[in-house]
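# Architecture at a glance
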Amino acid sequence: MEHTPKAAVQTMPAKAVKRERVRSTFLRTVRRYWIFYIMMAPAALLLIINNYIPMAGVLIAFKNVNYTKGIWASPWIGFDNFKYLFASESAWVITRNTISYNVVFIALNLVIAVTMAVLFNEMRSKFLAKFHQSAMFLPFFLSMVCVAYLVYAFLGAEHGFLNTVLLPKLGIQPIDWYTEPKYWTVILPIVNTWKNLGYYTVIYMAAILAIDHEYYEAAIMDGASKWAQIRRITIPLIMPVMITMTLLQVGRIFYADFGLFFQVTKNAGALFPTTQVIDTYVYQTFLTMGDIGMSSAAGLYQAVVGFLLVLVTNLFVRKVSKENALF
(Lines give C-alpha, C1' and ligand atoms only; values in the text may rest on other atoms or scores of the structure.)
Protein backbone atom coordinates (compact mmCIF):
# COMPACT_ATOMS: atom_id res chain seq x y z
CA MET A 1 0.00 0.00 0.00
CA GLU A 2 1.37 3.40 -0.99
CA HIS A 3 1.92 5.97 1.75
CA THR A 4 3.33 9.49 1.72
CA PRO A 5 5.90 10.15 4.50
CA LYS A 6 4.47 12.26 7.36
CA ALA A 7 7.21 14.91 7.10
CA ALA A 8 6.63 15.24 3.36
CA VAL A 9 2.88 15.64 3.91
CA GLN A 10 3.49 18.50 6.36
CA THR A 11 5.56 20.42 3.79
CA MET A 12 3.08 19.87 0.94
CA PRO A 13 0.46 22.55 0.07
CA ALA A 14 -3.08 21.92 1.34
CA LYS A 15 -4.44 21.20 -2.14
CA ALA A 16 -1.66 18.70 -2.84
CA VAL A 17 -2.34 16.96 0.48
CA LYS A 18 -6.03 16.73 -0.36
CA ARG A 19 -5.26 15.28 -3.82
CA GLU A 20 -2.88 12.74 -2.27
CA ARG A 21 -5.53 11.63 0.24
CA VAL A 22 -8.16 11.26 -2.48
CA ARG A 23 -5.72 9.27 -4.61
CA SER A 24 -4.81 7.02 -1.67
CA THR A 25 -8.49 6.43 -0.82
CA PHE A 26 -9.30 5.63 -4.45
CA LEU A 27 -6.45 3.13 -4.72
CA ARG A 28 -7.50 1.39 -1.48
CA THR A 29 -11.07 1.15 -2.74
CA VAL A 30 -10.00 -0.33 -6.08
CA ARG A 31 -7.74 -2.89 -4.41
CA ARG A 32 -10.45 -3.94 -2.00
CA TYR A 33 -13.33 -4.17 -4.50
CA TRP A 34 -11.43 -4.97 -7.72
CA ILE A 35 -13.69 -7.94 -8.54
CA PHE A 36 -16.75 -5.68 -8.61
CA TYR A 37 -15.00 -3.24 -10.95
CA ILE A 38 -14.27 -6.12 -13.32
CA MET A 39 -17.93 -7.18 -13.19
CA MET A 40 -18.97 -3.58 -13.90
CA ALA A 41 -16.54 -3.15 -16.83
CA PRO A 42 -18.72 -4.68 -19.63
CA ALA A 43 -21.74 -2.54 -18.72
CA ALA A 44 -19.56 0.58 -18.35
CA LEU A 45 -17.95 -0.09 -21.74
CA LEU A 46 -21.36 -0.53 -23.35
CA LEU A 47 -22.55 2.72 -21.74
CA ILE A 48 -19.51 4.61 -23.05
CA ILE A 49 -19.88 3.24 -26.58
CA ASN A 50 -23.65 3.76 -26.83
CA ASN A 51 -24.16 6.93 -24.76
CA TYR A 52 -20.98 8.97 -24.53
CA ILE A 53 -18.99 8.51 -27.74
CA PRO A 54 -22.02 9.45 -29.92
CA MET A 55 -22.22 12.75 -27.99
CA ALA A 56 -19.50 14.03 -30.32
CA GLY A 57 -22.29 14.23 -32.89
CA VAL A 58 -23.67 17.36 -31.19
CA LEU A 59 -21.19 19.27 -33.38
CA ILE A 60 -23.65 18.75 -36.23
CA ALA A 61 -25.98 21.25 -34.53
CA PHE A 62 -23.36 23.97 -35.02
CA LYS A 63 -22.42 23.16 -38.60
CA ASN A 64 -23.84 23.50 -42.08
CA VAL A 65 -23.41 19.86 -42.96
CA ASN A 66 -22.02 19.21 -46.43
CA TYR A 67 -22.22 15.50 -47.24
CA THR A 68 -19.37 15.68 -49.75
CA LYS A 69 -17.00 17.24 -47.21
CA GLY A 70 -18.16 15.20 -44.26
CA ILE A 71 -19.18 16.31 -40.78
CA TRP A 72 -15.74 17.42 -39.56
CA ALA A 73 -14.87 19.42 -42.68
CA SER A 74 -18.29 21.09 -42.98
CA PRO A 75 -18.31 24.86 -42.30
CA TRP A 76 -18.95 26.05 -38.74
CA ILE A 77 -22.05 28.29 -38.47
CA GLY A 78 -22.36 28.68 -34.70
CA PHE A 79 -25.92 29.11 -33.44
CA ASP A 80 -27.53 29.71 -36.84
CA ASN A 81 -29.43 26.40 -36.69
CA PHE A 82 -30.87 27.37 -33.31
CA LYS A 83 -31.82 30.83 -34.57
CA TYR A 84 -33.68 29.28 -37.49
CA LEU A 85 -35.43 26.83 -35.17
CA PHE A 86 -36.68 29.52 -32.77
CA ALA A 87 -37.45 32.04 -35.51
CA SER A 88 -39.92 29.69 -37.18
CA GLU A 89 -43.62 30.11 -36.46
CA SER A 90 -43.84 26.56 -35.15
CA ALA A 91 -41.24 27.01 -32.37
CA TRP A 92 -43.71 28.29 -29.75
CA VAL A 93 -46.43 25.82 -30.76
CA ILE A 94 -44.26 22.70 -30.60
CA THR A 95 -42.61 23.78 -27.32
CA ARG A 96 -45.97 24.58 -25.73
CA ASN A 97 -47.49 21.29 -26.89
CA THR A 98 -44.51 19.22 -25.74
CA ILE A 99 -44.39 20.71 -22.23
CA SER A 100 -48.16 20.87 -21.72
CA TYR A 101 -48.79 17.26 -22.72
CA ASN A 102 -45.90 15.95 -20.64
CA VAL A 103 -47.04 17.88 -17.56
CA VAL A 104 -50.51 16.34 -17.94
CA PHE A 105 -49.01 12.88 -18.57
CA ILE A 106 -46.81 13.10 -15.46
CA ALA A 107 -49.72 14.20 -13.26
CA LEU A 108 -52.07 11.49 -14.55
CA ASN A 109 -49.44 8.74 -14.36
CA LEU A 110 -48.69 9.69 -10.77
CA VAL A 111 -52.17 10.26 -9.36
CA ILE A 112 -54.05 7.49 -11.15
CA ALA A 113 -51.25 4.90 -10.82
CA VAL A 114 -50.86 5.51 -7.07
CA THR A 115 -54.63 5.35 -6.63
CA MET A 116 -54.87 2.06 -8.53
CA ALA A 117 -51.92 0.60 -6.62
CA VAL A 118 -53.57 1.45 -3.29
CA LEU A 119 -56.91 -0.01 -4.45
CA PHE A 120 -55.28 -3.24 -5.63
CA ASN A 121 -53.44 -3.52 -2.32
CA GLU A 122 -56.75 -3.24 -0.45
CA MET A 123 -58.57 -5.88 -2.54
CA ARG A 124 -59.54 -8.90 -0.47
CA SER A 125 -59.33 -11.36 -3.37
CA LYS A 126 -55.67 -11.65 -4.34
CA PHE A 127 -56.66 -13.61 -7.46
CA LEU A 128 -58.81 -10.74 -8.73
CA ALA A 129 -56.08 -8.25 -7.82
CA LYS A 130 -53.51 -10.20 -9.87
CA PHE A 131 -55.98 -10.59 -12.75
CA HIS A 132 -56.72 -6.85 -12.89
CA GLN A 133 -53.03 -6.00 -12.66
CA SER A 134 -52.23 -8.30 -15.58
CA ALA A 135 -55.11 -6.93 -17.67
CA MET A 136 -54.00 -3.37 -16.95
CA PHE A 137 -50.35 -4.19 -17.73
CA LEU A 138 -51.13 -5.72 -21.14
CA PRO A 139 -51.46 -2.41 -23.11
CA PHE A 140 -47.92 -1.45 -22.08
CA PHE A 141 -46.56 -4.21 -24.34
CA LEU A 142 -48.55 -3.12 -27.39
CA SER A 143 -46.69 -1.19 -30.06
CA MET A 144 -47.94 2.26 -30.99
CA VAL A 145 -48.93 0.92 -34.40
CA CYS A 146 -51.41 -1.46 -32.74
CA VAL A 147 -52.59 1.31 -30.41
CA ALA A 148 -53.09 3.61 -33.42
CA TYR A 149 -55.37 1.05 -35.11
CA LEU A 150 -57.32 0.51 -31.88
CA VAL A 151 -57.85 4.26 -31.57
CA TYR A 152 -58.87 4.42 -35.23
CA ALA A 153 -61.39 1.63 -34.60
CA PHE A 154 -63.06 3.99 -32.13
CA LEU A 155 -62.61 7.29 -33.95
CA GLY A 156 -62.80 6.37 -37.64
CA ALA A 157 -65.10 8.71 -39.56
CA GLU A 158 -67.01 5.97 -41.44
CA HIS A 159 -66.66 2.78 -39.40
CA GLY A 160 -65.51 3.99 -35.97
CA PHE A 161 -67.40 2.77 -32.92
CA LEU A 162 -68.17 6.27 -31.66
CA ASN A 163 -69.54 7.57 -34.96
CA THR A 164 -71.55 4.48 -35.90
CA VAL A 165 -72.83 3.25 -32.52
CA LEU A 166 -72.41 5.54 -29.54
CA LEU A 167 -72.97 9.08 -30.86
CA PRO A 168 -76.16 8.22 -32.86
CA LYS A 169 -77.70 6.73 -29.69
CA LEU A 170 -76.93 9.98 -27.88
CA GLY A 171 -78.43 12.04 -30.68
CA ILE A 172 -75.06 13.59 -31.61
CA GLN A 173 -73.90 14.05 -35.17
CA PRO A 174 -70.82 12.04 -36.24
CA ILE A 175 -67.52 13.87 -35.77
CA ASP A 176 -64.53 13.75 -38.10
CA TRP A 177 -62.05 13.33 -35.26
CA TYR A 178 -58.95 13.47 -37.48
CA THR A 179 -59.75 16.99 -38.72
CA GLU A 180 -60.76 18.51 -35.37
CA PRO A 181 -57.67 19.53 -33.33
CA LYS A 182 -59.60 20.58 -30.21
CA TYR A 183 -60.58 17.03 -29.25
CA TRP A 184 -57.03 15.68 -29.20
CA THR A 185 -56.02 17.58 -26.07
CA VAL A 186 -58.26 15.06 -24.28
CA ILE A 187 -57.82 12.00 -26.53
CA LEU A 188 -54.01 11.86 -26.29
CA PRO A 189 -53.83 11.96 -22.45
CA ILE A 190 -56.48 9.23 -22.30
CA VAL A 191 -54.54 7.01 -24.72
CA ASN A 192 -51.21 7.63 -22.98
CA THR A 193 -52.68 6.89 -19.54
CA TRP A 194 -54.41 3.74 -20.77
CA LYS A 195 -51.18 2.44 -22.28
CA ASN A 196 -48.76 3.26 -19.43
CA LEU A 197 -50.98 2.96 -16.36
CA GLY A 198 -50.17 -0.71 -15.77
CA TYR A 199 -46.42 -0.07 -15.79
CA TYR A 200 -46.53 2.67 -13.17
CA THR A 201 -49.12 0.82 -11.09
CA VAL A 202 -46.86 -2.24 -10.82
CA ILE A 203 -43.96 -0.04 -9.64
CA TYR A 204 -46.04 1.58 -6.91
CA MET A 205 -47.55 -1.79 -5.98
CA ALA A 206 -44.05 -3.15 -5.42
CA ALA A 207 -43.26 -0.16 -3.20
CA ILE A 208 -46.44 -0.71 -1.17
CA LEU A 209 -45.77 -4.44 -0.74
CA ALA A 210 -42.33 -3.60 0.66
CA ILE A 211 -43.91 -1.72 3.59
CA ASP A 212 -43.65 -3.59 6.89
CA HIS A 213 -47.11 -4.82 7.96
CA GLU A 214 -46.31 -4.00 11.57
CA TYR A 215 -47.05 -0.35 10.77
CA TYR A 216 -50.60 -1.26 9.78
CA GLU A 217 -51.06 -3.56 12.76
CA ALA A 218 -50.02 -0.79 15.11
CA ALA A 219 -52.37 1.64 13.34
CA ILE A 220 -55.29 -0.79 13.63
CA MET A 221 -54.62 -1.19 17.36
CA ASP A 222 -54.77 2.60 17.66
CA GLY A 223 -58.14 2.60 15.88
CA ALA A 224 -56.98 4.12 12.58
CA SER A 225 -59.40 3.82 9.67
CA LYS A 226 -58.37 2.56 6.21
CA TRP A 227 -58.21 6.11 4.89
CA ALA A 228 -56.02 7.15 7.85
CA GLN A 229 -53.69 4.20 7.20
CA ILE A 230 -53.36 5.16 3.54
CA ARG A 231 -52.81 8.83 4.32
CA ARG A 232 -50.45 8.36 7.28
CA ILE A 233 -48.57 5.19 6.34
CA THR A 234 -48.87 4.11 2.71
CA ILE A 235 -48.43 7.46 0.94
CA PRO A 236 -45.53 8.77 3.12
CA LEU A 237 -43.60 5.49 2.86
CA ILE A 238 -43.87 5.27 -0.94
CA MET A 239 -43.13 8.98 -1.35
CA PRO A 240 -39.42 8.39 -2.25
CA VAL A 241 -40.49 6.13 -5.14
CA MET A 242 -43.08 8.68 -6.27
CA ILE A 243 -40.45 11.46 -6.26
CA THR A 244 -37.90 9.35 -8.12
CA MET A 245 -40.39 8.36 -10.82
CA THR A 246 -41.53 11.97 -11.19
CA LEU A 247 -37.95 13.25 -11.47
CA LEU A 248 -37.17 10.70 -14.16
CA GLN A 249 -40.21 11.84 -16.14
CA VAL A 250 -39.38 15.52 -15.62
CA GLY A 251 -35.99 14.83 -17.22
CA ARG A 252 -37.81 13.91 -20.42
CA ILE A 253 -40.40 16.66 -20.31
CA PHE A 254 -38.98 18.10 -23.54
CA TYR A 255 -39.23 14.71 -25.23
CA ALA A 256 -42.51 13.35 -26.55
CA ASP A 257 -43.60 9.82 -27.33
CA PHE A 258 -43.03 9.86 -31.08
CA GLY A 259 -45.34 6.92 -31.71
CA LEU A 260 -48.17 8.51 -29.75
CA PHE A 261 -48.03 11.84 -31.57
CA PHE A 262 -47.16 10.46 -35.00
CA GLN A 263 -48.90 7.11 -35.29
CA VAL A 264 -52.04 7.65 -33.21
CA THR A 265 -52.81 11.01 -34.85
CA LYS A 266 -51.90 9.55 -38.27
CA ASN A 267 -49.70 12.63 -38.70
CA ALA A 268 -52.77 14.53 -39.89
CA GLY A 269 -51.80 18.08 -40.84
CA ALA A 270 -55.15 19.44 -39.66
CA LEU A 271 -54.26 18.38 -36.10
CA PHE A 272 -50.82 20.04 -35.96
CA PRO A 273 -51.94 23.03 -33.83
CA THR A 274 -52.59 20.69 -30.88
CA THR A 275 -50.61 17.53 -31.74
CA GLN A 276 -47.30 18.60 -33.24
CA VAL A 277 -44.42 18.30 -30.75
CA ILE A 278 -40.67 18.75 -30.96
CA ASP A 279 -39.99 15.12 -31.91
CA THR A 280 -42.46 15.02 -34.80
CA TYR A 281 -41.32 18.48 -35.94
CA VAL A 282 -37.68 17.33 -36.06
CA TYR A 283 -38.68 14.22 -38.03
CA GLN A 284 -40.76 16.17 -40.52
CA THR A 285 -38.08 18.85 -40.89
CA PHE A 286 -35.43 16.29 -41.73
CA LEU A 287 -37.79 14.30 -43.93
CA THR A 288 -38.99 17.27 -45.99
CA MET A 289 -35.90 19.52 -45.91
CA GLY A 290 -33.11 17.05 -45.27
CA ASP A 291 -31.64 19.58 -42.80
CA ILE A 292 -29.68 17.41 -40.40
CA GLY A 293 -28.15 20.47 -38.70
CA MET A 294 -31.47 21.93 -37.58
CA SER A 295 -32.72 18.49 -36.52
CA SER A 296 -29.61 18.05 -34.36
CA ALA A 297 -30.08 21.55 -32.91
CA ALA A 298 -33.61 20.66 -31.81
CA GLY A 299 -32.37 17.39 -30.27
CA LEU A 300 -29.57 19.18 -28.38
CA TYR A 301 -32.07 21.78 -27.18
CA GLN A 302 -34.27 18.99 -25.78
CA ALA A 303 -31.35 17.26 -24.04
CA VAL A 304 -29.87 20.36 -22.40
CA VAL A 305 -33.20 21.75 -21.15
CA GLY A 306 -34.26 18.31 -19.88
CA PHE A 307 -30.97 17.95 -17.99
CA LEU A 308 -31.35 21.41 -16.42
CA LEU A 309 -34.93 20.64 -15.41
CA VAL A 310 -33.83 17.49 -13.58
CA LEU A 311 -31.16 19.47 -11.70
CA VAL A 312 -33.59 22.25 -10.74
CA THR A 313 -36.36 19.85 -9.71
CA ASN A 314 -33.96 17.72 -7.69
CA LEU A 315 -32.60 20.87 -6.01
CA PHE A 316 -36.15 21.85 -5.05
CA VAL A 317 -36.85 18.37 -3.64
CA ARG A 318 -33.55 18.49 -1.77
CA LYS A 319 -34.53 21.79 -0.15
CA VAL A 320 -37.88 20.40 0.96
CA SER A 321 -36.82 16.88 1.92
CA LYS A 322 -33.13 16.02 1.60
CA GLU A 323 -33.58 12.26 2.07
CA ASN A 324 -36.05 12.05 -0.84
CA ALA A 325 -33.78 13.74 -3.38
CA LEU A 326 -32.50 11.69 -6.30
CA PHE A 327 -28.90 12.84 -5.73
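Parameters and conventions
Residues numbered from 1 in each chain as written. Predicted model: local features only at pLDDT ≥ 70, side-chain atom pairs only at ≥ 80, totals over all residues. Heavy atoms only, no water. Helix = DSSP H or I, 4+ residues; strand = E, 2+ residues; numbered from the N terminus. Rg over C-alpha atoms; globule rule 2.2 N^0.38 Å. Contact = heavy atoms within 4.5 Å. Areas by Shrake-Rupley, 256 points an atom, 1.4 Å probe, with all protein chains shown as cover. Lys, Arg positive; Asp, Glu negative; His and termini not counted. Charge placed at Lys NZ, Arg CZ, Asp CG, Glu CD. Patch = residues over 30% accessible without salt bridge, like charges linked within 9 Å, V, L, I, M, F, W, Y side chains within 5 Å. Salt bridge = Lys/Arg side-chain N within 4 Å of Asp/Glu carboxyl O. Buried < 20%, exposed > 50% of the residue type's maximum accessible area, 1.4 Å probe, protein only. Axes fitted to C-alpha atoms, helices over the stretch in contact; angles between N-to-C directions. Parallel < 35°, antiparallel > 145°, perpendicular 65-115°, else oblique. Left-handed = near helix turned anticlockwise from the far one by under 90°. Nonpolar A, V, L, I, M, F, W, Y, C, P; charged D, E, K, R; others polar. Core = buried A, V, L, I, M, F, W, Y, C linked by side-chain atoms within 4.5 Å. Phe/Tyr/Trp six-rings, centres within 6.5 Å; stacked < 30°, edge-to-face > 60°. Lys NZ or Arg CZ within 6 Å of the ring centre and 35° of its normal.

Our focus in this paragraph is the overall build of the protein chain. A count of helices and strands for the protein chain gives 15 helices and 0 strands. A compact globule built from 327 residues should have a C-alpha radius of gyration of about 20 Å, whereas the protein chain, at 26 Å, is more than 25% larger. Across its three principal directions, the C-alpha atoms of the protein chain cover 95 × 75 × 35 Å. The long-range share in the protein chain, meaning contacts at least 24 apart out of those at least 6 apart in sequence, stands at 64%. For the protein chain, the computed accessible surface area is about 20500 Å², with 69% contributed by carbon and sulfur atoms. Measuring between centres, the 27 positive side-chain charges of the protein chain sit 11 Å from its 16 negative side-chain charges.

A surface patch of nonpolar side chains, amounting to about 980 Å² of accessible area, comprises Phe 26, Tyr 33, Trp 34, Ile 35, Phe 36, Tyr 37, Ile 38, Met 39 and Met 40. Per-element tally for the nonpolar patch: the top contributor is helix H3 (residues 34–52), with 7 residues. A relative accessible area of 38% means that Ile 35 is categorised as partly exposed.

Quick look at the packing of helix H10 (residues 213–221) against helix H11 (residues 226–250) now. Contact pair H10 / H11: the axes reach a minimum separation of 10 Å and the direction vectors enclose 165°. Viewed along their axes, H10 and H11 adopt a mutual orientation that is roughly antiparallel. In this structure, H10 meets H11 at a crossing whose hand is right-handed. Packed against H10, whose contacting residues are Tyr 215, Tyr 216, Ala 219 and Ile 220, the element H11 presents Gln 229, Ile 233, Thr 234 and Leu 237 at the interface. Each residue belonging to the contact of H10 with H11 can be placed in one class, and the counts come to 6 nonpolar, 2 polar and no charged.

What follows deals with the nonpolar core. With 23 residues, the main nonpolar core has Leu 155, Trp 177, Trp 184, Leu 260, Phe 261 and Val 264 as its most contacted residues. Counting residues per element, the ones that place at least two in this core are helix H5 (90–122), helix H7 (144–155), helix H8 (161–169), helix H9 (184–209) and helix H12 (258–264). The biggest single contributor to this core is H7, with 5 residues. Every residue in contact with Leu 260, bar those within four places of it in the chain, is listed here: Phe 105, Met 144, Leu 188, Val 191, Asn 192 and Thr 265.

Before going further, it helps to spend a moment on the environment of Met 205. In this structure, Met 205 sits in helix H9. The exposure class assigned to Met 205 is buried, which follows from its relative accessible area of 6%. A sequence separation of 85 residues divides Met 205 from Phe 120, and the C-alpha atoms of the two residues are 7.9 Å apart. If we skip the residues at most four places from it in the chain, Met 205 touches Ala 117, Phe 120, Asn 121 and Gln 133.

Evaluated as defined, the whole model comprises 1 salt bridge. Note that Lys 226 and Glu 122 form a salt bridge whose closest N and O atoms lie 2.9 Å from each other. With Lys 226 in helix H11 and Glu 122 in helix H5, this residue pair connects regions lying 104 residues apart in the sequence. Glu 122 gets classed as partly exposed once you look at its relative accessible area, which sits at 30%.

Turning our eyes to something else, we now look at the packing of aromatic side chains. Counting across every chain of the model gives 21 aromatic pairs. When the centroid spacing of 6.2 Å and the interplanar angle of 50° are considered together, the rings of Tyr 33 and Phe 36 count as tilted. On the accessibility criterion, Tyr 33 (37% relative accessible area) is partly exposed. Take Phe 36: its relative accessible area is 51%, and that puts it in the exposed class. A centroid spacing of 5.3 Å and a plane angle of 70° characterise the contact between Phe 258 and Tyr 283, whose relative ring orientation is edge-to-face. You can see Phe 258 sitting in helix H12 and its partner Tyr 283 sitting in helix H14 (residues 278–289), a full 25 residues away along the chain. Under the relative-accessibility criterion, Phe 258 is labelled partly exposed at 30%. Looking at Tyr 283, the relative accessible area reads 36%, which means it is partly exposed. Aromatic rings pair up to connect Phe 137, Phe 140, Phe 141, Tyr 199 and Tyr 200 into one cluster. Across the ring face of Phe 140, the terminal group of Lys 195 is positioned such that the distance to the ring centre comes to 5.6 Å. Just above the ring of Tyr 152 sits the side chain of Lys 266; from NZ or CZ to the centre is 4.7 Å.

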